[in-house]
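Read off the chains here:
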Amino acid sequence: MRIAILSCFYPFRGGISQFNASLYGELGKDHVVKAFSFKRQYPEFLFPGKTQYVTPDDEAVPVEADALLDTAWPFSYISTLKAIKAWNPDILIMRYWMSWFAPSLGFIGRHMPKGCKVIGILDNVIPHEPHFFDRPLTKYFLSGCDGCVTLCGEVAQDLLDIKPDATHKVLYHPLYSHFGEKLSREEAEQTLGLAPGKKNILFFGLIRKYKGLDILLKAFDRLGDDYQLIVAGEPYGSFDEYQKIIDASPNKERIHLFPQYIKDSEVKKYFSAADVTVLPYRSATQSGISSVSYHFEVPMIVTSVGGLKETIGDRGTGITAKEVTPECIREEIENYFAQPSLKEDFIENIRREKIRLSWSRFCRELLDFVHTI
């Protein structure tokens, strides 16, 4: 089959681009696949991070893609549509995670030929930081899809809330495997400048309000001297709020900050040093961070929001906190370390999940779904 994927590819960076590269590579083993990407993904004023693009030291794997779509320039919608139609795909896959993309992707999906099946892979239906225009724009995008794949059940419910008759399937986020092998704990701690022999807690990934770093920092205030916290990721917006909490913390000497985008080759250092990854999210769908944590066999403590309980707590790969509060997060951290057998059980379950959440299985089930439409 001929499969077109329209989304962000190299030189755009981040989890969406990494996912797309893995999807492209796996589908390309048995099919003819072509990547169509953005000429401009967002206007700079809408992007809160330092850069949307890989830098020379990111060491990202290039994917050859036709960069055609400018989401802020409607005339590019037409030229992108013409290019995809000229390539004549049997399937067009489009990623969707915020309503900014609805006008461009919706236009293209709605105008593809009848012989091409248009599939949306939905990271979110309603974004983590919602706006009044999200629902009508998302409806427009969905009207151009023949079928939708969501990466957790929570997003599937959001989909059906907007489009009750949507043809859909839940396929869980596969595991990233391009970050390399785990280092020895000693090497990782030494590289990061961590004190040996501590209980290492990791917060990893882009720092945004909904991800609750402030909740974890306040929880850490009341943990003993045998704990240390690793915070690694690029802030989206100001870091001042978090810095004030850190400056006032009685445990600030044991908070290790790495507030920058973590390139792929460096990711292993943080997870190799960690005893547990904490996702203290205020809201969530699924999380790409959980798939990285699975890859390195690091159990998780998560909040019971979105799909986190479904994809982690219910799978026995971590602890689900009952409340999104510093007190509850602190209690679950202490519970985790107080029962060493928990870690052993979680790691055993993670190893089972690593088999279940392979890219080959994801792509096979994705195409099986397409054939039912």
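Quick caveat: nothing in here was measured; it's all calculated off a predicted structure. (Residues numbered from 1 in each chain as written. Predicted model: local features only at pLDDT ≥ 70, side-chain atom pairs only at ≥ 80, totals over all residues. Heavy atoms only, no water.)

Draft legend 1. The arrangement of the sheet that holds strand β2 (residues 32-40) in detail. Pairing within the open sheet is parallel, and its seven strands lie in the order β3-β2-β1-β4-β5-β6-β7. Since the sheet does not close on itself, it has two edges, and those belong to β3 (65-70) and β7 (168-170), each with one partner. When the angles between neighbouring strand axes are averaged without regard to direction, this sheet yields 25 degrees. Relative to β3, β2 runs parallel, the two being bridged by five bridges. Residue pairing across strands places Phe38 opposite Leu69, the latter belonging to β3. Of the strands in this sheet, β1 (2-6), β2, β4 (91-96) and β5 (117-122) touch helix α1 (residues 15-27), which is tilted by about 160 degrees from β4. (Pairing = 2+ DSSP bridges. Helix = DSSP H or I, 4+ residues; strand = E, 2+ residues; numbered from the N terminus. Axes fitted to C-alpha atoms, helices over the stretch in contact; angles between N-to-C directions. Contact = heavy atoms within 4.5 Å.)

Draft legend 2. Representation of the packing of aromatic side chains. Counted according to the given criterion, the structure contains 19 aromatic pairs. Ring geometry for Phe9 and Tyr24: centres 6.2 Å apart, planes at 70 degrees, overall edge-to-face. Residue Phe9 is found in the loop between β1 and α1, and its partner Tyr24 is found in helix α1; the two are separated by 15 residues along the sequence. Exposure remark for Tyr24: the relative accessible area of 24% places this residue in the partly exposed category. Between Trp73 and Phe75, the ring centres sit 5.4 Å apart and the planes meet at 55 degrees, which makes this aromatic pair tilted. On the basis of relative accessibility, which here comes to 59%, the residue Phe75 falls in the exposed class. Among the aromatic residues, ring-to-ring pairing joins Phe204, Phe258, Tyr270, Phe271 and Phe296 into one connected group. (Phe/Tyr/Trp six-rings, centres within 6.5 Å; stacked < 30°, edge-to-face > 60°. Buried < 20%, exposed > 50% of the residue type's maximum accessible area, 1.4 Å probe, protein only.)

Draft legend 3. Focus on empty space enclosed by the protein. Summed over all chains, the structure comprises one cavity of 30 Å³ or more. Empty space within the largest cavity amounts to approximately 110 Å³. Looking at the lining of the largest cavity, the elements with two or more residues in it are α10 (288-295), α11 (308-313) and α13 (340-356). Among the elements that make up the lining of the largest cavity, the one with the highest residue count is α10 (three residues). A class-by-class count of the residues in the lining of the largest cavity yields four nonpolar, six polar and three charged. (1 Å grid on protein atoms, 1.4 Å probe; cavity = no way out; pocket = protein on both sides within 12 Å on 5 of 7 lines; lining within 4 Å. Points joined across faces, edges and corners; volume = space filled by probe spheres on them. Nonpolar A, V, L, I, M, F, W, Y, C, P; charged D, E, K, R; others polar.)

Draft legend 4. Local environment of the sheet that holds strand β13 (residues 318-321). Pairing in this open sheet of six strands is parallel, and the strands run β10-β9-β8-β11-β12-β13 from one edge to the other. The open sheet terminates on both sides in strands that have one partner only, identified here as β10 (255-258) and β13. Ignoring which end each strand starts from, the neighbouring axes of this sheet average 20 degrees apart. Sheet analysis places strand β11 (residues 276-279) next to strand β12 (residues 300-303), joined by three bridges and oriented parallel. Each residue of the ladder has a partner; that of Thr277, found in β12, is Met300. Across the sheet, α10 is in contact with β8 (199-204), β11 and β12; its angle to β12 comes to roughly 165 degrees.

Draft legend 5. Quick look at the environment of Val149. Residue position: Val149 is located in strand β6 (residues 147-150). Among residues more than four places away in sequence, those in contact with Val149 are Ile119, Gly120, Ile121, Leu122, Lys169, Leu171, Leu366 and Phe369.

Draft legend 6. Examining helix α12 (residues 326-338) more closely. End to end, α12 covers 18 Å across 13 residues, agreeing with the expected 18 Å (1.5 Å per residue, within 8%). Of the residues making up α12, those classed as buried are Cys328, Ile329, Arg330, Glu332, Ile333, Tyr336 and Phe337. (Expected span 1.5 Å × (residues − 1).)

Draft legend 7. Up close: the packing of helix α7 (residues 213-220) against helix α8 (residues 240-248). Where α7 meets α8, the axes come as close as 10 Å, and the angle between the chain directions of the two elements is 0 degrees. One element, α7, and the other, α8, form an angle in the roughly parallel class. Across the interface between the two elements, Leu213, Asp214, Leu217 and Lys218 of α7 pack against Glu241, Tyr242, Ile245 and Ile246 of α8. When the residues that make up the contact of α7 with α8 are grouped by side-chain class, the tally is five nonpolar, no polar and three charged. (Parallel < 35°, antiparallel > 145°, perpendicular 65-115°, else oblique.)

Draft legend 8. Just the packing of helix α4 (residues 134-142) against helix α5 (residues 153-162), in detail. Two numbers describe how α4 lies on α5: the axes approach to 10 Å, and their chain directions differ by 90 degrees. When the axis of α4 is compared with that of α5, the two are roughly perpendicular. Contact residues: Arg135, Thr138, Lys139 and Leu142 in α4; Leu159, Asp161 and Ile162 in α5. When its residues are assigned to classes, the contact of α4 with α5 shows three nonpolar, one polar and three charged.

Draft legend 9. Representation of the pairing of β11 within the structure. The two faces of β11 match: Val276 and Val278 on one face and Thr277 and Leu279 on the other face are all buried. Across two bridges, the pairing between β8 and β11 is parallel. Pairing of Ile201 across the sheet is with Val276, part of β11.

Draft legend 10. Representation of the pattern of salt bridges. For the structure on display, the rule yields 22 salt bridges. A salt bridge links Lys29 to Glu26; the shortest N-O distance between them is 3.0 Å. Since its relative accessible area comes to 59%, Lys29 is described here as exposed. Between Glu348 and Arg352 there is a salt bridge whose closest N-O contact spans 2.9 Å. Of the two residues, Glu348 and Arg352 are both situated in helix α13; the distance of four residues between them amounts to about one turn of the helix. Because the salt bridges share partners, they merge into one network encompassing Arg185, Glu189, Asp275 and Lys343. (Salt bridge = Lys/Arg side-chain N within 4 Å of Asp/Glu carboxyl O.)

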